[in-house]
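So the chains spell out like this:
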Amino acid sequence: FQELSSQSPDLKIIKNLWCDLKRAVQIMILDSFTTRLLSSCCKMSDLMAEGITIVEDLFKSREPVLEMKAVYFMSPTTKVRNPLFCAKHIKVCKEINISFLPLEAQVFTCDNPGAFKSIYSPQSTERGQTLETLADQLVTLCATLDEYPGVRYKKDSQLDYTKVLAELVDNKLAQHYELDNSGKKKEKTQAQLIIVDRGFDPVSPILHELTYQAMAYDLVPIKNDIYKYKGKDGSEKEALLNESDELWIRLRHLHIAEVTEQIPKLVKEISANKKQPEGKISIGGLKQLMKQMPAFRKQVNHLTLAEDCMNKFQSSVEKLCKAEQDLAVGSDVEGQKVKDPMRTLLPVLLNPHSTHDKIRAVLLYIFSLNGTTEENLTKLIQHVKIEGESEYITNWNLLGPSLFSSRKPPRRDRSQEETYNLSRWTPIIKDVMEDVVENKLDTKDWPHQSECPAAWNGSRAVSARQKHKPSAQEAGSRLIIFVLGGISYSEMRCAYEVTQATKSCEVIIGSSHILTPTSLLEDIRDLSKKPMETFTMVEETSGS
């Protein structure tokens, strides 16, 4: 995103404004959203290089610094009501079309976890407004990427949320490019925006994933991308897992078995760089070595995090994975069809796994059958002992796929692909990405809200007249996937895999927010809860 957005017309406005003010400005004022936005794109050192020495919170009281000028970077919300913002105090006012968070190089979010309940809850009164807001945010994404894409959506027989969002986005894109600063009407670019709902693939976000990033966020308590752990001396330590960590970028999509294989290579590399004595070094010795070398401190974090993941895997997850994979894929490791899914499920229910893990297994069982009966569902809920919180399971009906009858989408044949035995499942969104690239996406199930130029032909999207290797901007095709209601880390990984495989089509994936299996289950449970009533307490005084 940093590379692509450097060409964005809106970011050029920021650059021009900055050139005018950078010598005088030493203070930047941010609200909560713009704080997260800047944090996702740059470090404090980057701001300091541009002359910013102080960053302040818009809503906190602070002493005035009259001799300094400031840049206020904030969202246009009703919360901002300050007499300071009147014409006589403002030198320049610019609207910047960026209302999304660039989480990773090919991943964005709308920073709105509450959108899940606003859209899918039957009690919601905010569905329309939430879809409007998401549409506005998607338009700013397209504007930042300088794309005017064709828009398609997954057709659903029960819910029309993706259709509504597709219509909103397409209309707002047309309005945005009618008012382009160049004075010319922008034509459609060779890009596609595909909108799908969360119920489209209920399996991927609840499966135990064994790739490093997905596994870590599922099994280890990581909050706001911060991994906390104890050092050997017992002190509390923190590691930030983001794009600034090159090792994280290299490791995050690898299977945990491959991550652990990297440790000996890492030891050898560090040993060679520091001219340490040859021979084996223990993990403890490696950690001590890294403490003295700032450049390698982040690698200590990953040794510890990988170790945490493996400990969780060996203690309980390994026993679950075979059953989960058999239920999800519909066949065992040898390729034999699972004839009796209940026999696969029962050992999970009879073993002392956590309630959440049992819920995940029960859901995979139901999805493997294309639905179940009410009588069987009641028995399953009793087996898991969640009679008082059966919404963990029953509320999946609110996402579209019925628990009593559902149709599985056709899958691509991946029988010849090499996979780990406990990682045979491929997220359905990867099929969609590959079908779009190869022009195989069925228009009956995936209608066009608007079409991009006929020149789009996926893996051959680059013009034959281009003799040189095209840059990201020249490559001519970009696929943007938006999942309505959260994306999983395994689905994020697919965007990178398809981009790497096709070379000439860049896949960008985003959603209202990023989810983990635990957060999704809790969100599902809460869908049927009524909004909390607000009331005012009146304190009685004596004598009243």
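Residues numbered from 1 in each chain as written. Predicted model: local features only at pLDDT ≥ 70, side-chain atom pairs only at ≥ 80, totals over all residues. Heavy atoms only, no water.

**Structural notes on the overall build of the protein chain**
Across its full length, the protein chain carries 19 helices and 13 strands. Residues classed as buried in the protein chain amount to 47% of the 544 residues present. In the protein chain, the proportion of contacts linking residues at least 24 apart, taken out of those at least 6 apart, comes to 76%. For the protein chain, the computed accessible surface area is about 29300 Å², with 50% contributed by carbon and sulfur atoms. (Helix = DSSP H or I, 4+ residues; strand = E, 2+ residues; numbered from the N terminus. Buried < 20%, exposed > 50% of the residue type's maximum accessible area, 1.4 Å probe, protein only. Contact = heavy atoms within 4.5 Å. Areas by Shrake-Rupley, 256 points an atom, 1.4 Å probe, with all protein chains shown as cover.)

**Re the pattern of salt bridges**
Throughout the structure, instances matching the rule amount to 31 salt bridges. Of the charged contacts, one joins Glu147 and Arg478 as a salt bridge, the two residues approaching to 2.7 Å between their closest N and O atoms. Taken together, the positions of Glu147 in the loop between α6 (127–144) and β6 (150–153) and Arg478 in strand β12 (residues 478–484) put the pair 331 residues apart, joining distant regions of the chain. The class of Arg478 is buried, set by a relative accessible area of 4%. Glu417 is the salt-bridge partner of Arg414, the closest N and O atoms lying 3.0 Å from each other. (Salt bridge = Lys/Arg side-chain N within 4 Å of Asp/Glu carboxyl O.)

**Comments concerning the packing of aromatic side chains**
Within the structure shown, the criterion is met by 11 aromatic pairs. When the ring of Tyr227 is compared with that of Tyr229, the centres are 5.1 Å apart and the planes differ by 20°; the resulting orientation is stacked. Of the two residues, Tyr227 and Tyr229, neither departs from the other in class, the shared state being buried. Through successive ring pairs, a cluster of aromatic residues spans Tyr212, Tyr217, Trp248 and Tyr489. Cation over ring: Lys154 sits above Trp446, and NZ or CZ is 5.8 Å from the ring centre. The cationic tip of Arg411 hangs over the ring face of Trp425; the distance from NZ or CZ to the ring centre is 4.8 Å. (Phe/Tyr/Trp six-rings, centres within 6.5 Å; stacked < 30°, edge-to-face > 60°. Lys NZ or Arg CZ within 6 Å of the ring centre and 35° of its normal.)

**Things to note about the pairing of strand β7 (residues 191–197)**
With 7 of 7 residues buried, β7 is to be regarded as a mostly interior element. Taking every second residue as pointing to the same face, both faces of β7 are buried, with Ala191, Leu193, Ile195 and Asp197 on one and Gln192, Ile194 and Val196 on the other. In terms of strand pairing, β6 meets β7 through 4 bridges, oriented parallel. Looking at the pairing, Tyr153 lines up with Ile195 of β7. (Pairing = 2+ DSSP bridges.)

**Considerations on the packing of α6 against helix α7 (residues 161–178)**
Remark: α6 packs on α7, axes separated minimally by 9 Å, with the N-to-C direction vectors making an angle of 45°. Looking at the two axes, α6 sits oblique to α7. The chirality of how α6 crosses α7 is right-handed. Where α6 approaches α7, its residues Arg127, Leu131, Glu132, Leu134, Ala135, Asp136, Leu138, Val139, Cys142 and Ala143 are matched on the opposing element by Tyr161, Val164, Leu165, Leu168, Val169, Lys172, Leu173, His176 and Tyr177. The class makeup of the residues in the contact of α6 with α7 is 14 nonpolar, 1 polar and 4 charged. (Axes fitted to C-alpha atoms, helices over the stretch in contact; angles between N-to-C directions. Parallel < 35°, antiparallel > 145°, perpendicular 65-115°, else oblique. Left-handed = near helix turned anticlockwise from the far one by under 90°. Nonpolar A, V, L, I, M, F, W, Y, C, P; charged D, E, K, R; others polar.)

**Describing the nonpolar core**
Formed by 129 residues in total, the largest nonpolar core has its most connected members in Leu165, Ile393, Trp396 and Met433. For this core, the element with the most residues is helix α12 (residues 297–329), which contributes 12 residues. When near neighbours in sequence (up to four residues on either side) are disregarded, Ile393 contacts Ile359, Val362, Leu363, Ile366, Leu377, Ile381, Ile386 and Leu403. (Core = buried A, V, L, I, M, F, W, Y, C linked by side-chain atoms within 4.5 Å.)

**Some thoughts on the pairing of strand β10 (residues 236–240)**
Here strand β9 (residues 226–230) runs beside β10; their pairing, made up of 5 bridges, is antiparallel. Each bridged residue has a counterpart across the sheet, and for Lys228 the counterpart in β10 is Glu238. Adjacent in sequence and paired antiparallel, β9 and β10 are bridged by 5 residues, among which Gly234 carries a positive phi angle near 90°.

**A closer look at the confidence of the model for the protein chain**
In this model, the protein chain carries a mean pLDDT of 83, and residues with pLDDT of at least 70 account for 80%. For residues 457–475, every residue scores under 50 in pLDDT, and the model assigns this stretch 24 contacts once sequence neighbours within four places are set aside. Here residues 533–544 is modelled with pLDDT under 50, and outside its nearest four sequence neighbours on either side it reaches 0 contacts, counting other chains as well. (pLDDT = per-residue confidence, 0-100.)

**Digging into helix α17 (residues 428–437)**
Because an α-helix completes one turn every 3.6 residues, residues spaced three or four positions apart along the sequence face the same direction. In terms of burial, α17 is largely enclosed, as 10 of its 10 residues are buried. Along α17, the residues that are buried comprise Ile428, Ile429, Lys430, Asp431, Val432, Met433, Glu434, Asp435, Val436 and Val437. Those residues of α17 that are buried lie in contact with β7, β12, α18 (489–502) and β13 (506–511). Backbone geometry just downstream of α17 places Asn439 in the positive-phi region, at approximately 60°.

**Some thoughts on the sheet that holds strand β11 (residues 448–450)**
Spatial strand order, β4-β5-β13-β12-β7-β6-β11: 7 strands in an open sheet with mixed pairing. Of all the strands in the sheet, the pair left with one neighbour each is β4 (101–104) and β11. On average, each strand axis in the sheet is tilted by 25° relative to the strand beside it, whichever way the strands run. In this fold α6 packs onto β5 (107–109) and β12, with an angle of close to 160° to the strand it touches most, β12.

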